[in-house]
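Structural features, examined
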Amino acid sequence: MNDQPLDVDAIKSDVPDTDTSLLPPGADGFLVYQRTFNRPTGIGDATRVHLQIDSWAGHLAWVDLNGDALARDLPQSRGPLRIDVTPSLQSGNRLRIGLRATDQQALLNGEVCLLIEDTSSNSA
């Protein structure tokens with residue numbers, strides 16, 4: 001997981017098609033956000049795709065994409081969380097974010113989006 005700022009300009013693309021916010025039975029104070037989206041077009045070998053979660057309230061229990069664990073057990077928001085999701089992308093994707101209430105309500109209170117970065121002009 002890399003939550004450092006990107007070193008190059010990135011193209012921002014909202015994660016579309018919000019399906020539902022689910023509260024699992026018997027999971028008082030636990031909220032699951034689920035979104036589906038298609039793989040962004042034009043992704044080449046020199047392109048990296050990052051998921052960015054701007055902020056949240058409560059405890060971020062987990063973030064997974066297509067069943068791959070991306071983040072686990074993060075406390076109250078400390079600024080944007082940025083995760084490289086390029087290896088986990090498929091043609092159709094399911095993003096799930098689980099939040100647990102602490103002393104405040106569990107919710108995503110910031111934007112969730114994809115940042116598409118072209119690294120072809122970066123020199124190593």
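What you see is a predicted model, and the numbers here were worked out from it, not measured in a lab. (Residues numbered from 1 in each chain as written. Predicted model: local features only at pLDDT ≥ 70, side-chain atom pairs only at ≥ 80, totals over all residues. Heavy atoms only, no water.)

Each helix and strand in the protein was counted, giving zero helices and eleven strands. Along the chain direction, N to C, the helices and strands of the protein fall in the order β-β-β-β-β-β-β-β-β-β-β. For the protein, buried positions account for 42% of its 124 residues. When contacts within the protein are restricted to residue pairs at least 6 apart in sequence, those whose partners lie at least 24 apart make up 73%. Total accessible area on the protein stands at roughly 6,800 Å², and carbon and sulfur atoms take up 46% of it. (Helix = DSSP H or I, 4+ residues; strand = E, 2+ residues; numbered from the N terminus. Buried < 20%, exposed > 50% of the residue type's maximum accessible area, 1.4 Å probe, protein only. Contact = heavy atoms within 4.5 Å. Areas by Shrake-Rupley, 256 points an atom, 1.4 Å probe, with all protein chains shown as cover.)

A few words on the pairing of strand E4 (residues 47–53). Most of E4 sits out of view: six of its seven residues are buried. The pairing of E4 with strand E11 (residues 112–118) spans seven bridges and is antiparallel. Bridged to Arg48 within E11 is Glu117. Across four bridges, E4 lies against strand E8 (residues 81–84) in antiparallel orientation. By the bridge assignment for E8, His50 is matched with Asp84. (Pairing = 2+ DSSP bridges.)

The next thing to look at is the environment of Leu114. Within the fold, Leu114 resides in strand E11. A relative accessible area of 2% means that Leu114 is categorised as buried. Expressed as a C-alpha distance, the spacing of Leu114 and His50, which sit 64 residues apart in the sequence, is 5.5 Å.

Secondary-structure assignment places Gln34 in strand E3 (residues 30–38). Since its relative accessible area comes to 14%, Gln34 is described here as buried. Residues Gln34 and Asp64, 30 residues apart in the sequence, show an inter-C-alpha distance of 9.8 Å. Polar contacts involving the side chain of Gln34 include one to the side chain of Arg96, which spans 3.1 Å. (Polar contact = N/O pair within 3.5 Å; in protein donor to acceptor, adjacent residues only side chain to side chain.)

Looking at the protein as a whole, its pLDDT mean stands at 77, while 73% of the residues score no less than 70. Ranking the elements of the protein by mean pLDDT puts strand E2 (residues 18–22) last, at 42, and E8 first, at 94. Note that residues 1–11 has pLDDT below 50 and, in this model, 24 contacts with residues that lie over four places away or in other chains. In this model residues 16–26 is a low-confidence stretch, pLDDT under 50, and it forms 21 contacts with partners more than four residues away in sequence or in other chains. (pLDDT = per-residue confidence, 0-100.)

Ranked by size, the top nonpolar core spans 26 residues in total, and within it Leu51, Ile53, Val63, Val85 and Ile97 carry the most contacts. Breaking this core down by element, the ones donating at least two residues are E3, E4, strand E6 (59–65), strand E7 (68–74), E8, strand E9 (92–100) and E11. In contact with Ile97, other than residues within four places in its own chain, are Leu31, Val32, Tyr33, Ile53, Leu60, Trp62, Val63, Leu108 and Val112. (Core = buried A, V, L, I, M, F, W, Y, C linked by side-chain atoms within 4.5 Å.)

Right, let's get into the environment of Pro87. With respect to the helices and strands, the residue Pro87 is situated in the loop between E8 and E9. Each C-alpha atom of the pair Pro87 and Arg48 lies 9.0 Å from the other, and the pair is 39 residues apart in sequence.

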